[in-house]
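Analysis of the macromolecular model
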Amino acid sequence: MKICIFGGNGFIGSSLAKTYINNGHKVFVYSQTKINKNLNFKNNYKVNYNEKSFAKILKKNFDLIYFLSGNSNQETSKKDIYYDLETSFLTFVELLEASKKSKSKSRIWFASSVVVYGVNNKPLREDFELNPVSNYAIIKLICENICKFYSKNFNLNIGIMRIFSTFGPGLKRQVVFDTIRKIRTLKNFKVIGSGNEKRNFAYIDDQVKSIMLLTKKFTKPRGEIFNIASGKTFSIKQILKKLIKISNKNVAYTYTKKRRSFDTKNFIANNSKIVKIIGKQKYANINNALKKTFDSF
Amino acid sequence: MKKTILFGGSGFFGPILLKKYPNIISVGRTKPPKGVKNTHINISNLNNLKKLDQIKFDKVIFLIGSSNHHIINKNINIGIKYNFDPMIKIMEYLKNKKIKKFICFTTILLYQNNKSSKKVSETNRTNPYENNYIFSKHLLEEVVNFYKDKVPSIVVRLSNIYGYSKLKRPDLVPTLMQKVFKKKKINVWNDKPVRDFIFAEDAADAVVKLLNSKFTGVINLGSGESNSVKKLINTISKYSNKKIGTLNKKVTGPYKFLTNINLLKKITKWKPKYSLEKGLLKTYNIMKNY
């Protein structure tokens with residue numbers, strides 16, 4: 001297959017690109033910010049995202065296009081919603097406009113996020129009402145809307161992936177990374193929140209496999225949404241204890257008790273919709289996955 | 001007492017509302033038309049909202065946006081630019097201001113998948129993906145909903161509003177009025193559709209009552225009455241002595257589209273004062289002198 005990955009220098013994008021390349025597919029990676037030369041991708045380009053440049057790229061007639069570009073840092077979004085608007089939303093509209101005008105047949109998969117659900121402690125299902133609480137989340141939700149709008153009105157194949165907490169070597173933010181960094185560098189540190197927050201943690205290789213199977217098997221997406229999640233839930237406290245055990249270090253920590261404005265208590269996944277498409281998967285053992293991540297530092 | 005400010009005082013609805021309520025302060029880059037005496041504060045654009053810090057206000061009527069579905073349906077970016085972006089900007093400004101109430105406007109066309117001829121109420125499912133215009137209004141509603149904890153808001157889903165205006169607008173009543181004073185032969189696309197036409201002065205009263213209510217959320221605003229385009233053109237014909245014909249062309253939207261306004265009535269105790277005939281007569285008499 002011929003595959004295009006916008007945002008293919010990022011954490012999930014680069015893993016996806018690598019796996020496709022290793023499986024013999026032709027992959028083109030594009031970035032609107034910077035290129036990671038260490039990735040050694042043959043086709044890795046920095047481009048200004050606009051309708052014209054997208055139109056040119058679309059001429060390559062890709063089978064699959066992933067849109068993983070845009071800001072992925074909630075701290076940045078919190079400070080400046082306009083940055084997300086520019087980099088995540090408006091650029092995406094330009095891609096869809098270009099796709100519409102060129103009558104593109106490529107399947108486009110947009111990377112949304114679990115955060116669109118907002119405050120909800122139940123296992124999250126794709127048809128739940130959404131209550132986003134952060135700037136990052138509202139922009140993702142607006143993008144989901146635009147996916148549905150373009151696929152319903154302009155005969156485009158667009159699917160939406162709500163990606164749950166993903167960790168693994170190479171990720172430079174979020175709780176697993178932060179905790180490893182603290183354990184490795186500090187004797188005494190603070191952990192944000194109460195430790196009782198629950199997340200569906202999934203290892204990068206599992207997530208990439210799920211995404212690849214989904215986009216291979218679900219060939220006519222028309223605004224459909226899928227949770228990309230392992231279905232395995234852990235509290236922050238459990239993850240912390242596992243990482244400390246892996247480190248073999250004596251560290252002391254306290255909880256800040258207070259969460260950041262954009263954090264919610266739980267994000268528990270219901271992944272039955274994707275499982276129906278891709279079948280039951282064998283996911284990585286959490287201890288092994290955390291160890292691999294810890295050792296990669 | 002803190003003031004109410006209104007954005008969009010130079011559009012269609014703004015001047016009518018301001019004139020009825022002279023204490024409301026107009027803000028924006030264009031002054032309201034002559035005859036509207038409300039205080040006006042010049043804000044060159046929505047990136048310049050800090051200028052409003054000088055006013056003590058706690059209520060906002062936001063009429064900025066485009067209702068020109070002809071243009072937006074050709075280009076989604078216009079819808080984003082005029083209906084979505086301004087809402088983000090005003091909300092980003094208001095989120096720390098602790099205001100009491102924010103009112104903005106979308107359209108009852110959001111319910112346009114409604115197959116039955118029953119009146120649409122707020123609990124009806126919406127169909128935000130019908131076209132660019134409706135979609136841009138839907139995005140605006142998503143933004144308002146996102147900021148609801150910091151900015152207590154009402155989204156008014158407006159039916160077919162009409163009234164006097166000097167602006168050239170694509171809507172049925174102002175277009176017909178402007179034509180009856182100039183042309184001999186006038187035709188409408190089709191006279192069969194039935195709609196909820198609401199006179200702008202009635203709508204202004206409802207908006208101010210809503211502003212002073214405790215309600216937040218989505219609410220319909222219309223007259224609650226159903227009238228055919230045929231009745232409307234016959235009434236204008238009667239006042240103007242001009243014949244208005246129909247081309248009987250195919251209508252893209254539904255033939256019958258009506259608004260349930262029970263929630264609005266319950267909350268505000270408001271009811272429209274103008275029948276279609278009375279509203280059109282006032283519109284005709286005012287526009288005759290333009």
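Refer to the structure above for everything that follows.
Let us look at the structure shown here.

Calculation rules
Sequence positions are assigned chain by chain, starting from 1 and proceeding in written order. Ligands are numbered from 1 and chains lettered from A, in the order in which they are written. Only residues with pLDDT of at least 70 are given local features in this predicted model, and only at 80 or more are side-chain atom pairs given and counted; all residues enter the totals for whole chains, interfaces and linings. Computation of side-chain values covers all heavy atoms of the structure but excludes hydrogens and water. Contact between two residues is taken to exist if any of their heavy atoms lie within 4.5 Å; hydrogens are not considered. Summed over both partners, the accessible area (1.4 Å probe) lost when two parts come together is defined as the buried area. Only one rule defines a salt bridge in this text: a Lys or Arg side-chain nitrogen within 4 Å of an Asp or Glu carboxyl oxygen. A run of H or I in DSSP becomes a helix once it reaches four residues, and a run of E becomes a strand once it reaches two; helices and strands are each numbered from the N terminus. Strands pair, by our definition, only if DSSP identifies at least two bridges between them. Inter-axis angles, ranging from 0 to 180 degrees, are taken between N-to-C directions of lines fitted to C-alpha atoms, where helices are fitted over the stretch in contact. Ring pairs shown here join Phe, Tyr and Trp side chains whose ring centres sit within 6.5 Å, with only the six-membered ring taken for Trp; geometry is labelled stacked below 30 degrees between planes, edge-to-face above 60, and tilted in between. In this scheme, Lys NZ or Arg CZ marks a charge over a ring once it lies within 6 Å of the ring centre and within 35 degrees of the ring normal. For our purposes a nonpolar core is just a set of buried Ala, Val, Leu, Ile, Met, Phe, Trp, Tyr and Cys residues, chained together by side-chain atoms within 4.5 Å. A 1.4 Å probe rolled over the protein chains alone gives each residue an accessible area, and that area as a share of the maximum for its type sets the label: buried under 20%, exposed over 50%, partly exposed in between. Here, expected helix span is obtained from the residue count minus one, scaled by 1.5 Å. Counted as a polar contact is a pair of N or O atoms within 3.5 Å, where, for protein atoms, one must be capable of donating a hydrogen and the other of accepting one, and residues adjacent in sequence contribute only when both atoms are in side chains.

**Examining the interface of chain A and chain B**
Residue-level contacts link 23 residues of chain A with 19 residues of chain B. Summing the contributions of chain A and of chain B, the shared interface buries around 1,800 Å²; its carbon and sulfur component is 67%. Together, Tyr82(A), Asn145(A) and Phe149(A) form the three largest contributors to the area buried by chain A at its contact with chain B, with a combined 29%. For the pair chain A and chain B, the number of links is zero salt bridges. Breaking the side of chain A that touches chain B down by element, the ones donating at least two residues are α4 (81–101) and α5 (135–153) of chain A.

**Details of the sheet that holds strand β2 (residues 26–31) of chain A**
All names here are of chain A. With parallel pairing, the seven strands of this open sheet are ordered in space as β3-β2-β1-β4-β5-β6-β11. The outermost strands of the open sheet, each flanked by one partner alone, are β3 (44–46) and β11 (222–228). If you compare each strand with its neighbour and ignore which way they point, the axes differ by 20 degrees on average. Looking at chain direction, strand β5 (residues 107–113) and strand β6 (residues 157–163) are connected through seven bridges and run parallel. Each bridged residue has a counterpart across the sheet, and for Trp109 the counterpart in β6 is Gly159. Relative to the sheet, α4 contacts β1 (2–6), β4 (64–67), β5 and β6, its axis offset from that of β4 by approximately 160 degrees.

**Points about the packing of aromatic side chains**
Think of a pair of aromatic rings as described by two things: how far the centres are apart, and how the planes are tilted against each other in angle. Residues and elements named next belong to chain A. In the structure shown here, the tally under the stated rule is 36 aromatic pairs over all chains. Among the aromatic residues, those joined into a ring-pair cluster are Phe6, Tyr30, Tyr45, Tyr49, Phe54, Phe67, Phe92 and Phe110. Lying over the aromatic face of Phe154, Lys100 brings its terminal NZ or CZ to 4.6 Å of the ring centre. When the ring centre of Phe226 is taken as origin, the NZ or CZ atom of Lys273, which lies over that ring, is 4.8 Å away.

**A few points about the nonpolar core**
Judged by nonpolar contacts, the single largest core of 83 residues is most densely connected at Phe6(A), Phe89(A), Phe7(B), Leu52(B), Met87(B) and Phe102(B). Setting aside anything within four residues of it in sequence, one finds Phe102(B) in contact with Val60(B), Phe62(B), Met87(B), Ile90(B), Met91(B), Leu94(B), Val151(B), Pro152(B), Ser153(B) and Ile154(B). Core analysis: the second largest hydrophobic core is formed by 51 residues, Leu18(B), Ile103(B), Leu176(B) and Ile219(B) among them.

**Overview of helix α4 (residues 132–146) of chain B**
Residues and elements named next belong to chain B. Under the 1.5 Å per step criterion, the end-to-end length of α4 is 21 Å for 15 residues, consistent within 8% with the ideal 21 Å. Taken across its 15 residues, α4 has 14 buried, putting it largely inside the fold. Between the side-chain oxygen of the N-cap and the backbone nitrogen of Tyr133 there are 3.1 Å, and the N-cap of α4 in question is Asn131.

**Considering the sheet that holds strand β12 (residues 227–228) of chain B**
Across a sheet, paired strands are connected by hydrogen bonds in the backbone, their directions being either parallel or antiparallel. Residue and element names in this part refer to chain B. Strand order in this open sheet of three strands is β12-β9-β14, and the pairing throughout is mixed. A strand with exactly one partner marks an edge of an open sheet, and here the two such strands are β12 and β14 (256–257). One ladder, built from two bridges, connects strand β9 (residues 194–195) with β14; its direction is parallel. In the sheet register, Arg195 faces β14, and the bridge partner there is Phe257.

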